[in-house]
Each structure stands twice: as C-alpha cells, then as structure tokens.
Amino acid sequence: MTSKLLLTFAICRLIVTVGLTVDPSEPLLGVDDQLSVDQFDVETASLDFGLLTRAEPMAVLHPGSAEDIARLVRAAYISSPGFTVSARGHGHSINGQAQTSNGVVIEMSGGSKGRRLGLRKLDKPQVSIKEKHVDVWGGELWIDVLRRTLEHGLAPKSWTDYLYLSVGGTLSNGGISGQAFNHGPQISNVYELDVVTGKGELWTCSEEENSELFHAVLGGLGQFGIITRARIALEPAPQRVRWIRVLYSNFSTFTRDQEDLISLHGNPYSQKFDYVEGFVIVDEGLINNWRSSFFSPRNPVKISSIGANGGVLYCLEITKNYDEATADTIDQEVEALMKRLNFIPSSVFTTDLPYIDFLDRVHKAELKLRAKGLWEVPHPWLNLFVPKSRMADVDRGVFKGILGNNKTSGPILIYPMNKSKWDQRSSVVTPDEDVFYLVALLRSALDNGEETQSLEYLTNQNHKVLRFCDDAGIKVKQYLPHYTTQEEWRDHFGDKWDQFSRRKMEFDPRHILATGQRIFNPPFPPPTRTVSPW
Ligand SMILES: Cc1cc2nc3c(=O)[nH]c(=O)nc-3n(C[C@H](O)[C@H](O)[C@H](O)COP(=O)(O)OP(=O)(O)OC[C@H]3O[C@@H](n4cnc5c(N)ncnc54)[C@H](O)[C@@H]3O)c2cc1C
Ligand SMILES: *[C@@H]1O[C@H](CO)[C@@H](O)[C@H](O)[C@H]1NC(C)=O
Ligand SMILES: *[C@@H]1O[C@H](CO)[C@@H](O)[C@H](O)[C@H]1NC(C)=O
Ligand SMILES: *[C@@H]1O[C@H](CO)[C@@H](O)[C@H](O)[C@H]1NC(C)=O
C-alpha cells in the first residue's frame, strides 16, 4: 500500500509539475510508458473538430487496457490537489468537450503514436455470431466496428452519418442518424458496458447489473465514467442500398411525409424505408455542398426548373436496404412506398450502392473537402431537438427568416424521431413531445471574404436562432449540448437535473471527468501556466 501511494505521488508530481524532472526509470503506477508530454500529442489533444476552443493538457495517456485507465483515474481521485481526466474519442466535438487544461487527456482512439504505444495491446472487436453482438474497445471507431462485423455478415443497427467517430464518444451523447426512428439512437442498441468511474473503479454494467451506472453513462456526456468496452447489438448486414432523394417546396407537405414514413416503424410486417433524413436548401449554392456528390452529372439538379421561385426547398432522403435474395422485388417495394409521398414529381434522384459505401458516405465528402483545405476550418455547429408541433415556426423563423437566402457552407439537416425509441432512464434529454426533429446547422466558417460565411456571422446567427426559439417559447433541447453556466445546464436537464447531479455525486464525486463539458465546477483552481476555459 505504501509503495502504491508513493507511486501515486510520483505520477502526480510528473503531471502537476510537467517539468518532467522525474527519473524516467521510476515506474509510475504501471502507466509510465504510456504517458506522454510530447508536443505533438499535447497539441493534438488541445484541439477538436470545432477549432473554436483550445486547452492544453499537462500530459496525454495512450492506454493499453481498461486497467491503465483505472490506475490513472484512481491516482487523480486519491491525490491532492489532484488533476482532471478527459477521455478523448476522436476529438470530433465542437466546443472543447474532450479538452482539459489541468489534467490528463486519454487518447481513446489513438493516432499513429497511440498504436505504437499502449493501444497496440488492445483487442480487436469480438463478434458473437450466435448472440448477434460485438464487444468493442471504447475508443474504437465505428468504421472499424463495421468492417469487422461485416466479415461475419453482421452489422450494428443504428448509426451516425459519419463513421470516424468513437463508440465511447457517440454513446456519451446519443448517436443518431436516419435509422433512429426505427431502431432508436445508438444508446438504445447497447447491451453492456465496462466503465471506469471517477473513483477509478472498473465496473461492468447493463440493464440487469449496476443498472444505475449503465443508464447514467449512456448520453452522460462523459460525466460518470469512461467507457472502455461496449457490447453492441447486431443484425444481418444488408448487401445493397437503394438511395433516393426527392424535393419539396411546401414545408408542411415535406414534414407530413417524413412523419408518415417514421410512423411505419411500429409494424414489423409493414414495408418501410430503413433510413429517413432530410435537409433544407436555403440557397441554390447549397446543392453543391459537401454531401451533394449525390447529385452527380448523371443526376443534375436544375432547381430553377423545379419552380421554387427562389424560395426554400426541402430534400427528403430515404433508403431501402436489400440483398441478392430480395433484388427482384426491391423496385416494387420502393415504388409502393413512394406512392405514399407528395414530392415534386420531376425531382426524384436515385442511386444504388453497397451497404458500406452508403454508411461511409460522409467520409468521401471529407476527402474532397480535405483536398481543398476546407475540412480543418472552424465549425460553429448547432444541433437542436425541436418538438414536432413547433416545426412550422422554425421553418418560418429560421429557415425562411434568420438564415434567409444567405450563402451557406454546410448542410442543414432535418429529420423526425419518435421518443418511444429513447430510453428515459438514460441521461440524454429530448423534448417532451412524442415526435421531435433534429435540426442541425452544420456549417463551416470560411475566410473567403464572404461576410455570411465568416465565423462571426455564423456564430451570431446561431445566437439569433436560440434567441428566436426562446422568445417564441419553442422548447428545444440542444443535442451535443454546449453551455457555460450551471444555470443553463440545470435548464437543459430540467426534471432530470436532480438525477444527473445525484449520479455525479455517486460516480465522480471529485468532478474529475470530462470537465470540458463545463457542467460541474472543477475540483481545484486551474494552474496558472495554461489558459483555462474557466
Ligand atoms: C463530421 C461529423 C459528423 C457527425 N455526425 C454525427 C451524426 O450523424 N450523429 C451524431 O449523433 N453525431 C454526429 N457527430 C457528433 C459526434 O457524435 C460527437 O462529436 C461525439 O462527441 C463523438 O465524437 P468523438 O468520438 O470524437 O468524441 P470526442 O469529441 O472525443 O468526445 C466527446 C465527449 O465524450 C467524452 N468521451 C469520449 N470518449 C469517451 C469514452 N470512451 N467514455 C466516456 N466519455 C467519453 C469526451 O470526454 C467528451 O466529453 C458528428 C461529428 C462530426 C465531426
Ligand atoms: C402547402 O400544402 C398545404 C396542404 O398540404 C396547403 O394547405 C398550403 O397552402 C400549402 N402551402 C403553400 C405555400 O402552397
Ligand atoms: C411513436 O411511437 C408510438 C409508440 O410506438 C406510437 O404510438 C406513435 O404512433 C408513434 N408516432 C409516430 C409519428 O410514429
Ligand atoms: C442574409 O440573410 C438575411 C435574412 O434574410 C438578410 O437580411 C441579409 O441581407 C442576408 N445577407 C446577405 C449578405 O446576403
């Protein structure tokens, strides 16, 4: 015990002084060779996809196992003054949620360095064909989970639009895409988790075992523990996807059709689409945005010919999965479903592709944007859950109002989900109504002289959108929420705040974990050497 304490002090000295005067031969709780203060590691961990905030950690851990993480958190928990610990999935947050300036960032997904250090020891995803599930490391990227499970003809059921996100990162938020209406969000498709709590204890949890921790962690914004393993539900993987886009100029017709399509979820015997999303086209330029490779030269869109009269258009995006055995009937099935819809007749765009290519579609757009230097730019994204009954107000006030017909760079997604697929015991919050929409303003700030694409302009628009909703009494909930005061967080969680803070007291009483979310005050003042978001 004494030697263990000594080691704890040693690791704290390393981290708190960062001077790194510690004798490198001194073993530090067994994670010494995985702790790095390398400039590249620190720089990487201080940034995220949003490129809006920056906080340098004191060190970065490349874990080789869940036990490594438990050792580090334990050291943080029992030492004084202690330090914070933030798991970083793939760093795809917008507002510094995985950053910390007075502690250690754990690189869950690793870069090349991570692989050379700790992560090389981690197991690949383990597929159980019989039980139809897969056990994955918390830092595994969804693309790697997909590739692995496809080897067995299986695949997870519920997705995000983009697959270069970590399992632990999306499960800490929700994980949504066009399958959520049918299967629920990703947090509704998890059987079991291994979690390192803020006390440094490693627990297995599920609906049956340690269920309080299980529900707390799902959608828990990293506040209660670090997910080191997840057991994810699988289904037989479809082989191909029929992918269709149709346009609307009438918003109420558009949303009525979307709601009609998601209402088919309940009946296992009725035909339904497998994916239902949509996006808003506020200006014609948007059709050439980062997801529009779909409208290829073979599929040209002449908006002017559609008769939108310069107004806003809405694109419904739907898919139907199939495989060789059902290839004969796919045309009829799709046709029958399309008969339900009231889109602009001349506006049907169809593509057909392998399942993995459909799921990995955003990565193709990423590569194109990277090539043009348009990926590593600030992303002032705003994601809102809007109650169905107020969508017409959002159309008028936001799509046709605040966003006007400004040139924008980046998609504006809009699709409905059914609350019945969301487990109310989890930490995530949704609006009160049965059906709510995701409204996602996923815009990039560009420094190209266009005022309406500047970071300042877009940030200001986001504030206007939030203020509009507030003034109009539209009870939206932010998805991937970002607030800076506890008052705002209390408001966000509403009825769930008491439970959320009680769970915090139980599982991370010293407020060590994921302080970048800025929900609970950090346990100690930040050191003077770094600029703190606080
Ligand atoms: C291009 C792009 C497309 C996206 N598309 C979608 C989409 O379609 N649907 C959707 O739902 N989301 C989407 N997202 C958002 C994404 O789900 C979030 O960014 C999420 O945070 C996952 O990213 P990450 O794995 O990099 O996590 P990070 O940003 O690294 O971490 C997010 C938070 O989770 C915590 N965390 C990370 N790993 C763990 C862990 N193992 N255990 C506990 N806490 C952890 C962190 O401390 C942090 O607070 C998208 C993001 C981008 C950039
Ligand atoms: C949109 O369609 C609805 C009926 O579905 C109709 O009442 C309304 O007038 C239409 N709006 C416009 C602008 O055409
Ligand atoms: C939402 O789900 C509930 C429960 O299955 C169902 O009764 C309701 O009709 C659904 N609503 C829609 C629009 O799908
Ligand atoms: C952007 O849209 C708003 C709202 O319609 C409008 O008032 C403003 O003039 C537009 N700005 C530019 C530069 O187009």
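Computed from a prediction, not measured in an experiment: that's the story for all the values here.

A. The arrangement of the site of ligand 4 in detail. The full set of residues close to ligand 4 is Gly-401, Gly-404, Asn-406, Thr-452 and Tyr-457. A distance of 2.5 Å is found between an oxygen atom of ligand 4 and a side-chain nitrogen or oxygen belonging to Asn-406. For ligand 4, the accessible surface in isolation is 360 Å², of which the surrounding protein chains cover 43%. Considering only residue class, the shell around ligand 4 consists of 1 nonpolar, 4 polar and no charged.

B. Region of interest: the site of ligand 1. Taken together, 33 residues lie near ligand 1, and Ala-87, Gly-89, Ser-93, Asp-161 and Tyr-479 sit nearest. Take Asn-173: an N or O atom from its side chain is 3.3 Å from an oxygen atom of ligand 1. At 2.8 Å from a nitrogen atom of ligand 1 is found a main-chain nitrogen or oxygen belonging to Ile-227. Protein contacts shield 96% of the accessible area of ligand 1, which totals 950 Å² for the unbound molecule. Those elements giving two or more residues to the shell around ligand 1 turn out to be strand S3 (84-88), helix H6 (167-171) and strand S10 (225-236).

C. Quick peek at the pairing of strand S16 (residues 412-418). Burial analysis of S16 places 7 of its 7 residues in the buried class, which makes it a mostly covered element. Here S16 shows two buried faces, one formed by Ile-412, Ile-414, Pro-416 and Asn-418 and the other by Leu-413, Tyr-415 and Met-417. One ladder, built from 7 bridges, connects S16 with strand S17 (residues 435-441); its direction is antiparallel. Counterpart to Ile-412 in the pairing with S17 is Leu-441.

D. Helix H3 (residues 66-78), seen in detail. Relative to the 18 Å expected for 13 residues at 1.5 Å per residue, H3 spans 18 Å between its end C-alpha atoms, a close match to the ideal helical length. Burial in H3 covers these residues: Ala-66, Asp-68, Ile-69, Ala-70, Leu-72, Val-73, Ala-75 and Ala-76.

E. Representation of the sheet that holds strand S4 (residues 103-107). Strand order in the open sheet formed by 4 strands is S1-S2-S4-S3, with mixed pairing between adjacent strands. Of all the strands in the sheet, just strand S1 (35-36) and S3 have a single pairing partner and so form its edges. Strand direction decides the pairing type here: S1 and strand S2 (residues 59-61), joined by 2 bridges, are antiparallel. Residue pairing across strands places Leu-35 opposite Leu-61, the latter belonging to S2.

F. How the structure looks around the packing of aromatic side chains. Under the defined criterion, the tally for this structure stands at 24 aromatic pairs. With a centroid separation of 5.1 Å and an interplanar angle of 65°, the aromatic rings of Phe-49 and Trp-375 are classed as edge-to-face. Placement of Phe-49 in the loop between helix H2 (39-45) and S2 and of Trp-375 in the loop between helix H13 (361-371) and strand S15 (382-387) is noted, with a sequence separation of 326 residues between them. For Phe-49, a relative accessible area of 10% puts it in the buried group. Of the residues examined, Trp-375 reaches a relative accessible area of 5% and is grouped as buried. For the pair Phe-224 and Phe-500, a centre-to-centre distance of 4.9 Å together with 70° between the ring planes defines the contact as edge-to-face. In this pair, Phe-224 sits in the loop between helix H8 (211-217) and S10 while Phe-500 sits in helix H17 (residues 497-507), placing the two residues 276 residues apart along the sequence. Taken as a pair, Phe-224 and Phe-500 share a single burial class, namely buried. When the ring centre of Phe-358 is taken as reference, the NZ or CZ atom of Arg-361 above it lies at 4.3 Å.

G. Region of interest: the nonpolar core. With 75 residues, the main nonpolar core has Leu-171, Ile-176, Leu-193 and Met-417 as its most contacted residues. With sequence-adjacent residues up to four places away left out, Leu-171 is seen in contact with Gln-186, Ile-187, Val-190, Leu-193, Val-217, Leu-218, Gly-219, Ile-227 and Ala-230. Membership of the second largest hydrophobic core comes to 43 residues, among which are Ile-318, Ile-330, Ile-402 and Ile-414.

H. How the structure looks around unusual backbone geometry. Cis geometry marks the peptide bond from Ser-80 to Pro-81; its omega dihedral reads 5°. Along the polypeptide, Pro-81 turns up in the loop between H3 and S3. A positive phi is found at Leu-51, a non-glycine position, where the angle reads about 50°. Among the structural elements, Leu-51 can be located in the loop between H2 and S2. Residue Leu-51 is classed as partly exposed on the basis of its relative accessible area, which comes to 35%. Despite not being glycine, Arg-518 has its phi angle at roughly 60°, a positive value.

I. Highlighting the pattern of salt bridges. Evaluation of the coordinates by the stated rule reveals 28 salt bridges. Residue Arg-370 pairs with Glu-376 through a salt bridge whose shortest N-O separation is 3.1 Å. With a closest N to O distance of 2.8 Å, Asp-395 and Lys-400 form a salt bridge. A relative accessible area of 44% places Lys-400 in the partly exposed class. Through salt bridges that share partners, Asp-135, Glu-192, Asp-194, Arg-229 and Arg-231 make up one connected network.

J. Main features of the confidence of the model for the protein chain. Taken as a whole, the protein chain shows an average pLDDT of 89; of its residues, 85% reach a score of 70 or greater. Segment residues 288-292 is flagged for pLDDT under 50; beyond a separation of four residues in sequence, or across chains, it makes 18 contacts in the model. Low pLDDT, under 50, characterises residues 527-534; the predicted model gives this stretch 19 contacts beyond four residues in sequence or across chains.

Conventions adopted
- Residues numbered from 1 in each chain as written.
- Chains lettered and ligands numbered in written order.
- Predicted model: local features only at pLDDT ≥ 70, side-chain atom pairs only at ≥ 80, totals over all residues.
- Heavy atoms only, no water.
- Near = heavy atom within 4 Å.
- Polar contact = N/O pair within 3.5 Å; in protein donor to acceptor, adjacent residues only side chain to side chain.
- Areas by Shrake-Rupley, 256 points an atom, 1.4 Å probe, with all protein chains shown as cover.
- Nonpolar A, V, L, I, M, F, W, Y, C, P; charged D, E, K, R; others polar.
- Helix = DSSP H or I, 4+ residues; strand = E, 2+ residues; numbered from the N terminus.
- Buried < 20%, exposed > 50% of the residue type's maximum accessible area, 1.4 Å probe, protein only.
- Pairing = 2+ DSSP bridges.
- Expected span 1.5 Å × (residues − 1).
- Phe/Tyr/Trp six-rings, centres within 6.5 Å; stacked < 30°, edge-to-face > 60°.
- Lys NZ or Arg CZ within 6 Å of the ring centre and 35° of its normal.
- Core = buried A, V, L, I, M, F, W, Y, C linked by side-chain atoms within 4.5 Å.
- Contact = heavy atoms within 4.5 Å.
- Salt bridge = Lys/Arg side-chain N within 4 Å of Asp/Glu carboxyl O.
- pLDDT = per-residue confidence, 0-100.

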